[in-house]
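Each chain, letter by letter, is given below.
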Amino acid sequence: MSLSRHIDAEEIIERCKDHPHRKHSSTGSRRGLHQTWRRDEEAANVPKYTLPKTGINSKAAYQLLHDETALDGNPLLNLASFVHTWMPEDADRLIMENINKNIVDLDEYPAASLIHNRCVSMLADLWKAPKEGKAIGTATAGSSEAIMLGGLAMKKRWQENCKAAGKDYFHPNIVFGSNAQIFRLKASNGFIMDPHDALQYIDENTIGVIVILGSTYTGHYEDVLLMSELLDDLQKRTGLDIPIHVDGASGGFIAPFAHPSLKWSFDVPRVVSINTSGHKFGLVYAGLGWVLWRDESYLHRDLVFELHYLGSTEFSFTLNFSKPAAPIIAQMFNFLNLGFDGYKKIAFKDLRNARMLARALESTYFTILSNSHRPIKDENRRPGTPGTNRLGHINEDDPEYYEAGLPVVSFRLSDEFKKAHPHVQQGWIQTLLRTKGWIVPNYNAPKGAEEVEILRVVVRETLSEDLIERFIIDILSITESLTTSDADLFAAVTATKVPNQPDHDDARPDKENFGDGHPGFEPKEQSGFSRQC
């Protein structure tokens, strides 16, 4: 969730009196919520930013919020997000039937807990956990919590090893590329981590290496197997035994189905833990992640919370405690409803549509930065190898014929286009697409390539071939319109920078308020974290 500050309605009213655009709003609209429906006066005086002294009836509250949320975008046309937004009606009904269940209360909801256990077992099998081990895992609120738990487990194991050896255990570090979602920059080569470059950052204080299976910037997979082989060699030379955690937030539900020959999971012995998002390509609504360890020995007992007050002895390892059971039950619904073949068909379809979009854009005004549409260079394949059928004929619908990656299309205006039309700003395409309903982000690459602007489309299950054709028509017509005299008019309009959501600006914290609180304190430049995308 984003940070929001308290809003003083009276202060906003005073500011609006002299504002050239907002002075026309009524005083009441600032203090209270708008009346947005007929024949109902109950919400006329409901305050916007303070708790009402008395409530209103449930139908009035529903209608007020129903009308207000109608201003949200259409999830079908949101091409910016990895988060899944559609499930079958049967799944919706199942979610509503279980929406009041708390998954941590094993004594009260034993059936939900058993479903959770079965989900962990299915994921362990999907990710090739060794049969001789005791794989263990848990559901989380999302992949961000899951990757933090994986990091905590590696840190605790490193600390215990240092204590046993009588070494310092107060200065751990962790290595991963600047394309990670929320973590510290340690090593990067462009948009993804180069395993060879990562080695120089590893020392005796390194708790582990995080390898990202699916960059949020371009969809590329980092090379888990190569990183493991380099760490094997490092251990032979130095004695350093460095584990790998795979951040499979998106790729954990794509690679097993689309790239089965790719070695990235627990079949790589140095991989000790994997996280993923159930609410991305796991095809569940927002609010579900998973993290698994290849064996219980990689999860230190001190990190496991034991409780007794809910009626029986229970064990938990999460950053929060109570969490809904409904998303977990929805995950099991998908496992049962789709099975391996169903997930495979959806992954194939998503990647097929991503290739169609990438090829269309690449043949016009754009340079493609993602890779899932590019055939693997070595096309001299033997019969039966990935990307061919039993007769040796190339199967161009098989994702293994192409470079491994997510169904993501990242692109920018080509150098030729920018040279011919230097006045055109790439961000204008994002703005004009929004006028047609499409939400497509335009953002800067991670540190080291900040000057590169990227437009990105995430091809999800709900993005059909027909919608992609419509999107191609819209983005090409918009791009061509920016080469005409209309671009000058658009430049003048965007230069005014009039906010389209003033209430968001009112609630947004001021950057200058963040610091250590001392007078005259000047915050240092943020240099250790990757940009969000």
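Rules behind the numbers
- Residues numbered from 1 in each chain as written.
- Predicted model: local features only at pLDDT ≥ 70, side-chain atom pairs only at ≥ 80, totals over all residues.
- Heavy atoms only, no water.
- Helix = DSSP H or I, 4+ residues; strand = E, 2+ residues; numbered from the N terminus.
- Buried < 20%, exposed > 50% of the residue type's maximum accessible area, 1.4 Å probe, protein only.
- Contact = heavy atoms within 4.5 Å.
- Areas by Shrake-Rupley, 256 points an atom, 1.4 Å probe, with all protein chains shown as cover.
- Salt bridge = Lys/Arg side-chain N within 4 Å of Asp/Glu carboxyl O.
- Pairing = 2+ DSSP bridges.
- Axes fitted to C-alpha atoms, helices over the stretch in contact; angles between N-to-C directions.
- Patch = residues over 30% accessible without salt bridge, like charges linked within 9 Å, V, L, I, M, F, W, Y side chains within 5 Å.
- Core = buried A, V, L, I, M, F, W, Y, C linked by side-chain atoms within 4.5 Å.
- Parallel < 35°, antiparallel > 145°, perpendicular 65-115°, else oblique.
- Left-handed = near helix turned anticlockwise from the far one by under 90°.
- Nonpolar A, V, L, I, M, F, W, Y, C, P; charged D, E, K, R; others polar.
- pLDDT = per-residue confidence, 0-100.
- Polar contact = N/O pair within 3.5 Å; in protein donor to acceptor, adjacent residues only side chain to side chain.

Colleague: Account for the overall build of the protein chain, with residues named and values stated.
Modeller: A count of helical and extended segments in the protein chain gives 15 helices and 12 strands. For the protein chain, with 533 residues in total, the buried portion stands at 46%. Excluding contacts between residues fewer than 6 apart, the proportion of contacts in the protein chain whose partners are at least 24 apart in sequence is 72%. Entry remark: accessible area of the protein chain is about 28200 Å², with carbon and sulfur atoms responsible for 52%.

Colleague: I'd like a description of the pattern of salt bridges, backed by residues and values.
Modeller: Counted according to the given criterion, the structure contains 16 salt bridges. The salt bridge involving Lys349 is made with Asp350; its shortest N-O contact spans 4.0 Å. Residue Lys349 is classed as partly exposed on the basis of its relative accessible area, which comes to 25%. A salt bridge links Glu362 to Arg374, with the shortest nitrogen-to-oxygen separation between them at 3.9 Å.

Colleague: Outline the side chain of Asp350, listing residues and values.
Modeller: Inspection of the secondary structure assignment puts Asp350 in helix 10 (residues 326-362). If sequence neighbours within four positions are ignored, Asp350 has contacts with Phe281, Pro407, Val459, Arg460 and Glu461.

Colleague: Describe the sheet that holds strand 3 (residues 206-212), and please don't skip the residues or the numbers.
Modeller: Taken together, the 6 strands give an open sheet; going across it, the order is 1-6-5-4-3-2, and neighbouring strands pair in mixed fashion. Two strands lie at the open edges of the sheet, namely strand 1 (136-140) and strand 2 (173-175), each paired on one side alone. Taken over all neighbouring pairs, the strand axes of this sheet differ in orientation by 20 degrees on average, direction set aside.

Colleague: Please give an account of the pairing of strand 6 (residues 289-293) that cites residues and values.
Modeller: Counted residue by residue, strand 6 has 5 buried out of 5 residues, so it is predominantly covered. Residue alternation in strand 6 divides its side chains into two sets, Gly289, Val291 and Trp293 and Trp290 and Leu292, and both sets are buried. As paired elements, strand 1 and strand 6 share 5 bridges and run antiparallel to each other. Across the sheet, residue Ala139 finds its bridge partner in strand 6, namely Trp290. Two strands pair when backbone bridges link them, and strand 5 (residues 271-277) and strand 6 are joined in this way by 5 bridges, in the antiparallel orientation. Across the sheet, Ser273 pairs through a bridge with Trp293, a residue of strand 6.

Colleague: Kindly report on a nonpolar patch on the surface, identifying the contributing residues and their values.
Modeller: Side chains of Met148, Leu152 and Leu319 sit close together on the surface and give an oily, nonpolar patch of about 230 Å² of accessible area. Inspection of the secondary structure assignment puts Leu319 in the loop between strand 8 (314-316) and helix 10.

Colleague: Now, about the nonpolar core: what can you tell me, with residues and values included?
Modeller: Formed by 64 residues in total, the largest nonpolar core has its most connected members in Val209, Met227 and Leu231. Counting residues in hydrophobic clusters, the runner-up holds 32 residues, among them Trp438, Val459, Ile475 and Leu482.

Colleague: Tell me about the packing of helix 12 (residues 426-435) against helix 13 (residues 465-481), residues and numbers included.
Modeller: In contact at an axis separation of 10 Å, helix 12 and helix 13 are set at 125 degrees when each is read in the N-to-C sense. With respect to each other, helix 12 and helix 13 are oriented oblique. Viewed along their axes, helix 12 and helix 13 form a crossing whose handedness is right-handed. Between helix 12, through Ile429, Leu432 and Leu433, and helix 13, the contact on the second element is made entirely by Phe471, Ile475, Ile478 and Thr479. For the contact of helix 12 with helix 13, the residue count by class is 6 nonpolar, 1 polar and no charged.

Colleague: Account for the pairing of strand 10 (residues 408-413), with residues named and values stated.
Modeller: By the criterion of burial, strand 10 is predominantly enclosed, with 6 of the 6 residues buried. Relative to strand 10, strand 9 (residues 366-368) runs antiparallel, the two sharing 3 bridges. Opposite Ile368, over in strand 10, you have Phe411 as the bridge partner.

Colleague: Tell me what's going on with the confidence of the model for the protein chain, and back it up with residues and numbers.
Modeller: Scored by pLDDT, the protein chain comes out at a mean of 85, with 77% of its residues at no less than 70. Considering only residues more than four positions removed or in separate chains, one finds that residues 181-190, a stretch of pLDDT under 50, has 43 contacts. This stretch, residues 526-533, has a pLDDT under 50; its non-local contacts, to residues over four places away or in other chains, come to 22 contacts.

Colleague: Tell me about unusual backbone geometry, and name the residues and values.
Modeller: Of note, the phi angle at Lys128 is positive, near 60 degrees, even though the residue is not glycine. Locating Lys128 in the fold gives a position in the loop between helix 5 (110-126) and strand 1. Judged by its relative accessible area of 40%, Lys128 is partly exposed. Although it is not a glycine, Leu283 adopts a positive phi angle of roughly 70 degrees. Relative to the elements of secondary structure, Leu283 occurs in the loop between strand 5 and strand 6.

Colleague: Go over the packing of helix 4 (residues 89-97) against helix 10, please, and point to the residues and values.
Modeller: Their axes nearest at 9 Å, the elements helix 4 and helix 10 cross at an angle of 150 degrees. Here helix 10 runs roughly antiparallel to helix 4, going by the angle between their axes. The chirality of how helix 4 crosses helix 10 is right-handed. Residues Asp90, Ala91, Leu94 and Ile95 of helix 4 touch helix 10, and the partners they reach there are Ala326, Ile329, Ala330 and Phe333. The residue makeup of the contact of helix 4 with helix 10, split by class, is 7 nonpolar, no polar and 1 charged.

Colleague: Go over the environment of Val272, please, and point to the residues and values.
Modeller: Along the chain, the position of Val272 falls in strand 5. On the basis of relative accessible area, Val272 is assigned to the buried category, the value being 5%. For the pair Val272 and Gly150, spaced 122 residues apart in sequence, the C-alpha separation works out to 8.8 Å. Ignoring anything within four residues of it in the chain, the contact list for Val272 reads Met154, Pro243, Ile244, Phe266, Leu292, Trp293, Arg294 and Tyr298.

Colleague: I'd like to hear about the environment of His84, residue by residue, with values.
Modeller: Position of His84 relative to the elements: it lies in the loop between helix 3 (58-69) and helix 4. Excluding residues within four positions of it along the chain, His84 makes contact with His279, Lys280, Leu283, Val284, Tyr285, Ala286, Arg460 and Glu461. Here Trp86 takes part through its backbone oxygen, which lies 2.4 Å from a polar atom of the side chain of His84.

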